[in-house]
Amino acid sequence: MAQSMRGAYLPGNSTVELREVAVPEVGHGEVLLRMKASTICGSDIRCIYHEHLGKGPEGYQGLIAGHEPAGQIVRVGPGCRRFQEGDRVIVYHISGCGVCNDCRRGYMISCTSQKYRRAYGWQRDGGMADYLLAEEKDLVALPNELTYADGAQVACGFGTVYEGLQKIGICGDHDVFITGLGPVGLATAALARKMGARRIIGSDIIPKRLEIARELDLCDIVLASGPDNVSQVLDLTGGLGVERAVDCSANDSARATAIRATRKWGRIVFLGEGGRVEFNPSPDIIHDQKTIYGSWVTSIWLMEELVDRLVRWNLHPAGLITHRFALDTVSQAYSLMSSGQCGKVAVCFDEELI
Ligand SMILES: [Zn+2]
Ligand SMILES: [Zn+2]
């Protein structure tokens, strides 16, 4: 196997640097993956690509980028207990200490160990490289029915959405309103559809995204974001509002819209990160008995469950990938993603580069 590999770094001025680095050696409990698919997340753009704005768990330490990796195991270190060479895997994108309360619940995303919590692509090398060193405990098996690109989508976006939808619960009686139709909003529509939602209404400010949501038949109704959205949703739902709303926009007014377009006893979950929201607790939630949930990524067991469901539903998250790039054109991938004129953007290798 090659001694050196290419890895993509984000210096923080809206550029990408591809550097030649050594292929990592596997240690105890670690595996080396041949990367197959690595998708770009909104948070890569928000916290790293333009400027290194993230702090704490979103603090980028100048390492190889990419926290949505899927690949094939090519080396297994001593002490591994389950996975073997040749296995196809998804990487849960935060390596936790394994022994704090959050890790024991499977939520390594919120691991409380300052010393041992390290997210791939943030505080340890990520998937925008030919190879990735991962800990065996962070792996989720990728079934043969799913492609690596499907798996990369599970590593962050689809996992995050599945968790949020589990929290609010979705059933066949529910009209679901999604504010923000970027990759996370589109994933919300795709999963809500399979979970049986009655009608899916989506809104976004970017016309291209509305077009994608309609073209892929993910939303039944799309609305251009604006001050009329609450009354439009009320009109569509007999004046009552939707049963469930999901904010994927992180936009102040879209969040308030999501709350106000939800009916009495309804549930709202916030997935979009950053920004603010202003609402009036009495009329907007208290008197209408509404519940607002916050949801941050997911647990590794729920991610395993999602993978199982995707096979059952014959749902392929890679369907939301509108553009694929080879690693040597990775800078075009980030620049397209930051423009928003796309669905999901992926850097792919070998058989995934089609
Ligand atoms: Zn992400
Ligand atoms: Zn921990």
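Residues numbered from 1 in each chain as written. Chains lettered and ligands numbered in written order. Predicted model: local features only at pLDDT ≥ 70, side-chain atom pairs only at ≥ 80, totals over all residues.

Chemist: Can you lay out the overall build of the chain for me, pointing to particular residues and giving the numbers?
Modeler: The number of helices and strands found in the chain is 10 helices and 17 strands. Radius of gyration (C-alpha) of the chain: 20 Å, near the 20 Å computed for a compact globule of 354 residues. Counting across all 354 residues of the chain, residues that qualify as buried make up 49%. Counting contacts in the chain only where the partners sit at least 6 residues apart, residues at least 24 apart contribute 69% of the total. (Helix = DSSP H or I, 4+ residues; strand = E, 2+ residues; numbered from the N terminus. Rg over C-alpha atoms; globule rule 2.2 N^0.38 Å. Buried ≥ 20, exposed ≤ 12 C-beta atoms within 10 Å, placed from the backbone. Contact = placed C-beta atoms within 7 Å.)

Chemist: Hey, could you go over helix α9 (residues 300-313) for me, with residue numbers and the actual values?
Modeler: Its 14 residues place the ends of α9 20 Å apart at the C-alpha level, agreeing with the 20 Å of an ideal helix rising 1.5 Å per residue. All buried positions along α9 are accounted for by I300, M303, L306, V307 and L310. Angular distribution of buried residues about the axis of α9 spans 100 degrees; they occupy a single face of the element. Exposed and facing more than 90 degrees away from the buried side of α9 are D308 and R312. Directly beyond the C-terminal end of α9, a positive phi value near 55 degrees is found at N314. (Expected span 1.5 Å × (residues − 1). Arc of directions from axis to C-beta.)

Chemist: Please provide a residue-by-residue account of the domain arrangement of the chain, values included.
Modeler: Here the domain parsing of the chain yields domain 1 (4-147 + 316-352) and domain 2 (161-294). Domain 1 puts 10 residues into the contact, and the matching count from domain 2 is 12 residues. In terms of residues, the side of domain 1 that touches domain 2 owes the most to one element, helix α1 (residues 42-49), which gives three residues. (Domains from an automatic or database assignment.)

Chemist: Which residues make up the environment of T291, and what values go with them?
Modeler: The residue T291 is located in strand β15 (residues 291-294) in this model. For T291, a count of 13 C-beta atoms within 10 Å translates into the label partly exposed.

Chemist: Give me the lowdown on the sheet that holds strand β13 (residues 242-247), citing residues and values where you can.
Modeler: Read from one edge to the other, the open sheet built from six strands follows the order β12-β11-β10-β13-β14-β15, with strand pairing classed as parallel. Every other strand in the sheet has two partners, leaving β12 (221-224) and β15 as the edge strands with one partner each. Across this sheet, the average inter-strand angle for adjacent strands is 20 degrees, counted without regard to direction. Pairing between β13 and strand β14 (residues 262-270): five bridges, direction parallel. From the neighbouring strand, D247 faces β14, where its bridge partner is F270. Taken strand by strand, helix α3 (residues 148-168) contacts β13, β14 and β15, and its axis lies near 155 degrees from that of β14. Contacts between helix α7 (residues 252-260) and the sheet are confined to β10 (175-179), β11 (199-204), β13, β14 and β15, with β14 contributing the most and set at about 145 degrees to the helix. (Pairing = 2+ DSSP bridges. Axes fitted to C-alpha atoms, helices over the stretch in contact; angles between N-to-C directions.)

Chemist: Outline the environment of R6, listing residues and values.
Modeler: The topology assignment puts R6 in strand β1 (residues 4-9). With 71 residues separating them along the chain, R6 and G77 place their C-alpha atoms 22 Å apart. Once residues lying within four places of it in the same chain are set aside, the contact partners of R6 are L18, E20, A129, D130 and L327.

Chemist: Describe the packing of α3 against α9, naming the residues involved and giving the relevant values.
Modeler: Packed helices, taken two at a time, are described by the angle between their axes plus the distance between the axes. Running from N to C, α3 and α9 cross one another at 105 degrees; their axes reach a closest spacing of 9 Å. Accordingly, the angle class assigned to the pair α3 and α9 is roughly perpendicular. Between α3 and α9, the residues in contact are D150, V154, F158, G159, Y162, E163 and Q166 and L302, M303, L306, V307 and L310, respectively. By residue class, the composition of the contact of α3 with α9 is eight nonpolar, two polar and two charged. (Parallel < 35°, antiparallel > 145°, perpendicular 65-115°, else oblique. Nonpolar A, V, L, I, M, F, W, Y, C, P; charged D, E, K, R; others polar.)

Chemist: I'd like a rundown of unusual backbone geometry, residues and numbers included.
Modeler: Where the residue is not glycine, phi is negative for most of them; where a peptide bond is considered, it is trans in most cases. In this model, Q289 sits at a positive phi of 55 degrees, which is unusual for a non-glycine residue. Turning to its location among the elements, Q289 is positioned in the loop between α8 (281-286) and β15. Its identity as a non-glycine residue notwithstanding, N314 has a phi of 55 degrees, on the positive side. Locating N314 in the fold gives a position in the loop between α9 and β16 (321-325). By C-beta crowding, N314 is classed as exposed, having 8 other C-beta atoms within 10 Å.

Chemist: Explain the pairing of β14 residue by residue, including any values.
Modeler: Working note: regular strand, side chains alternate between the two faces of the sheet. In terms of handedness, the path from β13 via α7 over to β14 forms a crossover that is right-handed. With four bridges connecting them, β14 and β15 associate as parallel partners. Paired with V269 across the bridge in β15 is Y293. Taken together, β14, α8 and β15 constitute a β-α-β crossover, and its handedness is right-handed. (Right-handed = clockwise from strand over helix to strand, strands pointing away.)

Chemist: Help me get a handle on the packing of α3 against helix α4 (residues 183-194), residues and values and all.
Modeler: Remark: α3 packs on α4, axes separated minimally by 9 Å, with the N-to-C direction vectors making an angle of 55 degrees. One element, α3, and the other, α4, form an angle in the oblique class. Viewed along their axes, α3 and α4 form a crossing whose handedness is right-handed. On the side of α3, the interface is formed by G157, F158, T160, V161, Y162 and L165, while α4 contributes P183, V184, A187, T188, L191 and A192. Of the residues assigned to the contact of α3 with α4, the class counts are nine nonpolar, three polar and no charged. (Left-handed = near helix turned anticlockwise from the far one by under 90°.)

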